Every structure is written in C-alpha cells, then in structure tokens.
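Structural overview for review
This is what each chain is made of:
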Amino acid sequence: MDRRSLIKRAGIAGVLATGIAPAVHAQAAVRWRLASSFPKSLDTIFGSAQTLSNTVKALSGGKFEISVHAAGELMPAFGNVDGLQAGTLEMAQTAPYYFTGKDPIFAFGCAVPFGLTARQMDAWMEHGNGRKLLDAFYAKYNMKSFSAGNTGTQMGGWYRKEIKTVNDLKGLKMRMGGGLFGEAMAKLGVVAQNMPAGEVYQALEKGTLDATEFVGPFDDEKLGFNKVAPFYYYPGWWEGGAELEFFANTKAFEALSAENKAILAAATNVAARDMTAKYDALNPVALKRLVANKTQLKPFSKQIMDAGFKASMEVFAEHEAKSPEFKKIHQDMRAFQRDQLLWARFSEYRFDSYMTGVKI
C-alpha cells in the first residue's frame, strides 16, 4: 500500500490534527520497538500491531519505524508495562486488564464485567471522559494510551463439562484473561488462572485446567480449544467489548516531532478500525466451522448470568470503598453506559432483534 492511499484511509484530518502537512520534512530517523502481549499466530490481535508499524512507516516515508515483537521476544507477555515504566521500551500492545495485579483500575482500559460494548467503549474513550481519566492514571506508569482495536462482545469460553447451574462452577479451574472478572468468578467458586494464550491448550489437554476463555470463534479455533473442551458457552458477560491498547512511553512520545505524533495517532486509528472489522468479518465463518466440527454451542442460563451480575456488582462496590480514583472512573463509565443503553433501545437493539427474526 502506498503512502497516498494510507493517508486517505487514515483520514487526512488525523494527519493534520496538529496543523502539520503530511509531507515528510527533513528530520532524524526515529526507530521504536513495540512489545506485544500476543503470539504471531493471532493475526487478528497481533496483526493490529503490524498494521500500526506498516502505516507509520508508509506515512513517514520510512523516517519513523516501529519494529514489532511478539510475546516472549523482547520480554514476557505480561512484562511490557514494566518495560514502559522503566523506559527500556518505547511502545507496547496489550490488554490493560492483564495488569490489575498492579491496580484494578487497569481493567477499565480493556473490559469489566457487564461493561461497555465495542462501540460504547469507543464513544466513552474518545468522546466521553474515558481516555482522559485513564491517561491520567497511566501517567503513573510513564505511559499514554491509544486504541489498538476492540474484539467486540466475546464468547463465554470452553468447558470440559456442561455448566448448567451455578453449582457447576464451584471448584472449576479456569484460565481468564485478567481483570475484575476473576474476582467475580471467585465469588461463584471458580479458581482463576491467568496464563498466556499459548500455554492454555496443553493445560486443558492435561486436565490441569477445566475451562478457558479467550476471545471468540476465529482466535479460539486457531488455538484449538475445541479439540480439548467440547462445550462452548456464550455470551462473555465479563467482556461486552474488550479494548486492546497501544501504550507509548511518555518520554519517548514527547520526544517525537509534532509531525510524528500526528502520524502515530493516525496510524493507531487505522490499526484499531482494521482489527475490529476483521473480527466482525471472520468470527461468523469460524463459528459455523466449529459447530460443523461438533462443538456444542450453549447459552449461559439466566441463573448464571444473574449470579455473575450480583457477584460483579459486589466486586465493584468493594473496590469503590477502597479507592476514590476507582470509584470516579467506574461511576463515570456507568453514567455513560446508562445513556448508551437508553439509545440502544431505540436504535440497534430494536433493529437487530427484528433482523434476527426474519429471513434475508
């Protein structure tokens, strides 16, 4: 793809955001490194980082390059925030809720139980208070954020046995991506395990895990979970829309020229939109393949959903009592969500409900 077409895709407004023309002026070459939390095999998520790199290089005429490194190449999958904080890394691509062990506020940058959908998250982050509130929090770790894309509403995971009632969750050893979901599930008796995606298949095969959740049909099929856990549940009530983020080291970002800052911002927009669109395009086809290969697709019962909601609200209340900053961000998100749900009643919910009931 040539530079002119990339500028067209990114939107000239994004490139001109700082008043700089898209022509590349004479300046020193910039070379950054990006550490991803994901393996190369996940061409949806990891592919977002590659799209970013390609777009930055094309828009800058090769003057600004970002080398992309899969999990484990520069540092462990969950080590990139430490690298950014220490200043040994310029950029990372990750799911912020992997780092709730540092502070539960990280979860709001990705997904929380019964939280925002992809479009709602995008609206809150870019036109509500989300990005402003979270970047103020991320400043403690010497980094700022850009969207890397959203997975959309995720599936509820793969299970080696049927989950009919809340009692079936008790003692279940389950891999979870991170965040407040694990605390909510612990209230239901689940033993949460946090591990990189590449290690899950073997754990399920050996029986050291009873269940796992990751993203959705396309990624899950690639990871082979259907071969070792036949029951596939939906929806993933803990991830109504999981936001992936690009984090940039604050000092490295501020050292960029105004032009390169605009290029980076435009390139993240291209990468984020591409990733979300790719999931929407590929998940339905992958789901049909999985069902054709004997995957047993099952909805969570209302009893389980209600229990999950109750447990999640208890978790939020506990963290609000301990952290004014957590409370401020959570309450802002919920106020925004209430308006979004009101609008959805008259727009997409009604439209989608009708369309799923007619033959097209």
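Residues numbered from 1 in each chain as written. Predicted model: local features only at pLDDT ≥ 70, side-chain atom pairs only at ≥ 80, totals over all residues. Heavy atoms only, no water.

What to know about the side chain of His69
Definition in use: Labels follow the DSSP assignment, with helices taken as runs of H or I lasting at least four residues and strands as runs of E lasting at least two, numbered in each case from the N terminus. Think of a polar contact as two N or O atoms within 3.5 Å of one another; within protein, one of them needs to be a possible hydrogen donor and the other a possible acceptor, and neighboring residues in sequence only count if both atoms come from side chains. By the convention used here, residues are in contact when the closest approach between their heavy atoms is within 4.5 Å.
Among the secondary structure elements, His69 is positioned in strand β2 (residues 64-69). Here the side chain of His69 touches Ser67 through a polar contact of 3.0 Å, side chain to side chain. Here His69 is in contact with Arg33, Leu34, Ala35, Ser36, Phe46 and Leu74, once residues within four sequence places are set aside.

Here's the deal with the packing of helix α5 (residues 118-127) against helix α6 (residues 130-138)
Just so we agree on the cut-off: Between N-to-C directions, angles span 0 to 180 degrees; the directions come from axes that are lines fitted to C-alpha atoms, helices contributing only their stretch in contact. These descriptions rest on fixed angle ranges, namely under 35 degrees for roughly parallel, over 145 for roughly antiparallel, 65 to 115 for roughly perpendicular, and the rest for oblique. Three classes are used, and their members are as follows: Ala, Val, Leu, Ile, Met, Phe, Trp, Tyr, Cys and Pro are nonpolar, Asp, Glu, Lys and Arg are charged, and the others, Gly among them, are polar.
The contact between α5 and α6 brings their axes to 4 Å, and the two run at 70°. Comparing their axes, α6 and α5 come out roughly perpendicular. Residues Trp124, Met125 and Glu126 of α5 lie in contact with α6, whose contacting residues are Gly130, Arg131 and Leu134. Classifying every residue of the contact of α5 with α6 gives three nonpolar, one polar and two charged.

Some thoughts on the nonpolar core
Defined as follows: Nonpolar core, defined: a set of buried Ala, Val, Leu, Ile, Met, Phe, Trp, Tyr and Cys residues in which side-chain atoms within 4.5 Å join the residues together. Remark: exposure states derive from per-residue accessible area (1.4 Å probe, protein chains only) relative to the maximum for the residue type, with buried under 20%, exposed over 50%, and partly exposed in between.
Counting residues in hydrophobic clusters, the biggest one holds 104 residues, and the most contacted among them are Trp32, Leu52, Ile66, Tyr159, Met185, Phe246 and Leu264. In terms of residue count, helix α11 (residues 258-292) provides more of this core than any other element does, eight residues in total. With near-sequence residues (within four places) excluded, Met185 lies in contact with Leu169, Met174, Met176, Val190 and Trp237.

A word on the packing of aromatic side chains
The geometry of an aromatic ring pair comes down to the distance between the two centres and the angle between the two planes. Stated precisely, the cut-off is as follows: Working definition: a ring pair exists when centres of Phe, Tyr or Trp rings (six-membered ring for Trp) sit within 6.5 Å. Plane angles under 30 degrees give stacked, over 60 give edge-to-face, the rest tilted. Only when the NZ atom of a Lys or the CZ atom of an Arg is both within 6 Å of the ring centre and within 35 degrees of the ring normal do we say a charge sits over the ring.
All told, the structure shown has 25 aromatic pairs when counted by the stated rule. Where Tyr159 meets Tyr233, the ring centres are 5.4 Å apart and the plane angle is 85°; that geometry is what we call edge-to-face. Taken together, the residues span a long stretch of sequence, with Tyr159 in strand β5 (residues 157-159) and Tyr233 in strand β9 (residues 231-234) at a distance of 74 residues. Accessibility expressed as a relative area gives 0% for Tyr159, which makes it buried. Within the aromatic cluster, the residues linked to one another by ring pairs are Phe38, Phe78, Tyr97, Tyr98, Phe99, Phe106, Phe137, Tyr138, Tyr141 and Phe247. Sitting above the plane of the Phe253 ring, Lys144 keeps its charged end 5.2 Å from the centroid. The side chain of Arg334 reaches across the aromatic face of Phe316, ending 4.9 Å from its centre.

Thoughts on the pairing of strand β4 (residues 143-150)
The criterion, for reference: At least two DSSP bridges between two strands are needed for those strands to be called paired.
Of all eight residues in β4, seven are buried; the element is thus mostly enclosed. Looking at chain direction, β4 and strand β10 (residues 243-249) are connected through seven bridges and run antiparallel. In the sheet register, Lys144 faces β10, and the bridge partner there is Ala248.

Re the pattern of salt bridges
Using the following cut-off: Basic side-chain nitrogens of Lys or Arg form a salt bridge, by our definition, when they fall within 4 Å of a carboxyl oxygen of Asp or Glu.
Across all of its chains, the model carries 20 salt bridges by this definition. For Lys187, the salt bridge goes to Glu314, with nearest N and O atoms at 3.6 Å. Of this pair, Lys187 sits in helix α7 (residues 181-187) while Glu314 sits in helix α12 (residues 302-322), and the two are 127 residues apart along the sequence. Judged by relative accessible area, Lys187 falls into the partly exposed class, the value being 38%. In this structure, Glu318 and Lys187 form a salt bridge, with 2.9 Å as the shortest nitrogen-oxygen distance. Of this pair, Glu318 sits in helix α12 while Lys187 sits in helix α7; the two residues are 131 residues apart in sequence, bridging distant segments of the chain. One connected set of salt bridges, linked through shared partners, spans Glu126, Arg131, Glu243 and Glu245.

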